[in-house]
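An overview of the molecular structure
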Amino acid sequence: MFAFCVTGATPDAAAQGPAGLSGVYSNQAGTLAIVEGSNETLVHYATGFPQGNSTGTCDCALVVQKKGASSWTLHQGGEDDAWTLSINPKQLVLTTGAPTCCGAGYPGKDSFARAPVRPLSTCKVKVPKAGFFASDAANTPRKTFVVSGDTVQAYVDPVEPDYLAARFQGPRQATVGLLKREDLECPADTASKATSTPPPVAADKLQPFAGTWVALTKQGKGFVIFKPCSAMTRSFTVKPATGELEVQLGQEATTLKVTSVAPGKGAGAWALGLTSPEGKPEALQWKTVDAAKGTVSVTSPDLFSKSHDYVRQEKRSEFPMKQETGCEEYEH
């Protein structure tokens, strides 16, 4: 989403002191990354929020237009969305109206504690010359650049975009802009070289879990399959042949490796070890609720922290479908 940088020989950079608010701030649902420089400041905001009975998401690349001691004004490249970042002694508060980078029902406000703050990743330039790009819709090339061996600070978005928001600290100034991800070597790269991801479990061990499972929503004393207006019904698919678990989150999807399977506590209980593409582990607790109806309950700290009850795709017809109301605005 962002990138930055310029060498001491690079032109057109204003004086910059310390890194200011640069860093990654987190709350229970999302992150706020700030890459602050002399010439420009870039902000990336990502979060999830309740959207009816599903989950909406924000993935917003923002540019600071005006800075004050206690408030910044920002906008999303190519959009008219107006954002405000209030800077308080203990927290950062982000507010806006109806941003196009968020799903329907976004509450318009989010806050992040100022401590602890995670520093930006330290990356090295691995090509002879890496030019900066603007954060506009066309990613317009700039005259500023960094060279092989230069060190930059960057926000490495977990979704691995083509460009990173980056910051190069020169002798008198800090240049911020977008750098191509492929031109940088970042900690995730070196970590993947030094450590190997556990291999996926054998296909026969995953066979009992194989297939697609569709989310159930509690309604009264029973369950329904809820269909939101602007998103897909949550589901996940276990693929024994590849050792993968693919999760459909509503507006986006992710695929993880199943790296361990072990019996859980009680009949029909299992513990599945998952590993994300970034190498992050996650423990999934699996419990068969009704084998005849094909229903299970799954729980994990992240992906399945809010959605627990699922039914096999083949048996979904046993549960009524409920369509979210007010879908007219999504119809064309």
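Quick summary incoming for the structure in this document. Numbering of residues starts from 1 in each chain and follows the order in which that chain's sequence is written. Local features in a predicted model are, by the rule used here, given only for residues with pLDDT of at least 70; side-chain atom pairs are given and counted only at 80 or more, and totals for whole chains, interfaces and linings are based on all residues. Side-chain measures were taken over the full set of non-hydrogen atoms in the model, leaving aside hydrogen atoms and water.

Here we come to the packing of aromatic side chains. Each Phe, Tyr or Trp ring, with Trp reduced to its six-membered ring, pairs with another whose centre is within 6.5 Å; inter-plane angles below 30 degrees give stacked pairs, above 60 give edge-to-face pairs, and intermediate values give tilted ones. As enumerated under the stated definition, the model contains twelve aromatic pairs in all. Between tyrosine 45 and phenylalanine 112 the ring centres are 6.2 Å apart and the planes differ by 90°, which places this aromatic pair in the edge-to-face class. With tyrosine 45 in strand β3 (residues 41-51) and phenylalanine 112 in strand β8 (residues 109-113), this residue pair connects regions lying 67 residues apart in the sequence. Each of the two residues, tyrosine 45 as well as phenylalanine 112, counts as buried. Aromatic side chains phenylalanine 236 and phenylalanine 304 sit 5.4 Å apart centroid to centroid with 80° between the ring planes, which places their arrangement in the edge-to-face category. Of this pair, phenylalanine 236 sits in strand β19 (residues 235-239) while phenylalanine 304 is found in the loop between β24 (295-299) and β25 (309-312), placing the two residues 68 residues apart along the sequence. For the pair shown, phenylalanine 236 and phenylalanine 304 are each scored as buried. Grouped by ring-pair contacts, the aromatic residues Phe209, Trp213, Phe236, Trp270, Trp286, Phe304 and Tyr310 constitute a single cluster. Counting as a charge over the ring demands two things of the Lys NZ or Arg CZ atom: a distance within 6 Å of the ring centre and an angle within 35 degrees of the ring normal. Against the face of phenylalanine 145 rests lysine 129, its NZ or CZ located 4.4 Å from the ring centre. Sitting over the face of the ring of phenylalanine 223, lysine 218 holds its NZ or CZ atom 4.9 Å from the ring centroid. Strands are runs of DSSP state E lasting at least 2 residues, helices are runs of H or I lasting at least 4, and numbering of each runs from the N terminus. Only protein chains enter the accessibility calculation, which uses a 1.4 Å probe; a residue whose area is less than 20% of its type maximum is buried, one above 50% is exposed, and one in between is partly exposed.

The subject of this paragraph is the pairing of strand β18 (residues 222-227). In regular strands, side chains alternate between the two faces of the sheet. Only strands that DSSP links by at least two bridges are regarded as paired with each other. The pairing of strand β17 (residues 217-219) with β18 spans three bridges and is antiparallel. Along β18, the bridge assignment pairs threonine 217 with valine 224. Inspection of the sheet shows β18 paired to strand β26 (residues 321-323) by three bridges, in the parallel sense. Note that in β26 the partner of phenylalanine 226 across the bridge is lysine 322.

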